[in-house]
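Residues per chain, in single letters:
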Amino acid sequence: DVGWAPFVASWIANREYDTERGMLQKLFEQYPAKVFDWMRKNCKSIVPLPEINQIQHLCYIIEGILQNGDNFAGQCKTMGLENAQQLLESYFVYGTVWALGGATFSDKQNDHRKAFDRWWRDEMKTIRFPEEGTIFDYTVSEENFPLKMDNEVLTTPFVPWATQVPEYEHNANTVFGKLYVATMETQRLTHLLDLLLVNKHRCMFVGGAGTGKTTIMADKLRSMDAELYSFMPINLNCFTDSMLLQSAMESVLEKKT
């Protein structure tokens, strides 16, 4: 097992701008290893996740935010390197929280997500989250930049997801089963889904019944450009084997001889 460092080195090497590559290298040295060391001893995820998968997810989130890097390169010039570095670190913190801690869960005995939240606030003090709620309740706002010093502490770059939820607009012609009312939870998960899909990366939501997995996916699929994408929902359960899945996938195909 060569670990996740070679993947990170390869991914960073494929980024276009030298300044961005240097900043990313320092951030990967600063954050993931420290988080993994704590999580191995103190935290569990809802499904087993190898560290390389979590690092890939982190890279894909950052890739979804930065895209080809042109916009960030422009921000380095307009904002100045120090402010741009704080912006990139804020996005990196956001990505690390979700890529490494997003799969933590709560059950009757333990609240692993809350434990991750407490540990992060105690250990990671460069880019700070607001005190209210948990670190998962916030997203980066570029309107908060440049950050300022307040009592020897940088102001926060984060805003609550609750402020980003669009108002519900009712359409009387919509079938009841397709009504979709956005919430803070659906909004933040949809944002992550968008960051992955824009670069054609796969995404799977895992969680208990009634947590919105199917609803979020269905709404996203319905909103995609029908000229570019087509989709087919397939229901799976514990009795679904490979033959049943293959039959379901082939059922909509036109067989030609």
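The preceding data block contains the structure.
Computed from a predicted structure; not experimentally measured.

### What about the packing of aromatic side chains?
So, step 1. Evaluation of the coordinates by the stated rule reveals 14 aromatic pairs.
So, step 2. Their ring planes at 45 degrees and their centres at 5.9 Å tell us that Y31 and F92 sit as a pair that is tilted. Taken together, the positions of Y31 in the loop between α2 (18–30) and α3 (32–42) and F92 in helix α6 (residues 81–101) put the pair 61 residues apart, joining distant regions of the chain.
So, step 3. For Y31, a relative accessible area of 1% corresponds to the buried category.
So, step 4. Overall, F92 belongs to the buried group, its relative accessible area being 0%.
So, step 5. A centroid spacing of 6.0 Å and a plane angle of 35 degrees characterise the contact between F116 and F136, whose relative ring orientation is tilted. Linking F116 in helix α7 (residues 112–123) with F136 in the loop between α7 and β1 (138–140), this pair joins segments that are 20 residues apart in sequence.
So, step 6. Here a set of aromatic residues connected by ring pairs shows up, and it is made of W11, F28, Y31, W38, F92, W98, F116, W119, W120 and F136.

### Here we look at the environment of L195
So, step 1. Relative to the assigned elements, L195 resides in helix α8 (residues 184–197).
So, step 2. For L195, a relative accessible area of 8% puts it in the buried group.
So, step 3. For the pair L195 and Y229, spaced 34 residues apart in sequence, the C-alpha to C-alpha distance is 17 Å.

Each value, and the rule that gives it
Residues numbered from 1 in each chain as written. Predicted model: local features only at pLDDT ≥ 70, side-chain atom pairs only at ≥ 80, totals over all residues. Heavy atoms only, no water. Phe/Tyr/Trp six-rings, centres within 6.5 Å; stacked < 30°, edge-to-face > 60°. Helix = DSSP H or I, 4+ residues; strand = E, 2+ residues; numbered from the N terminus. Buried < 20%, exposed > 50% of the residue type's maximum accessible area, 1.4 Å probe, protein only.

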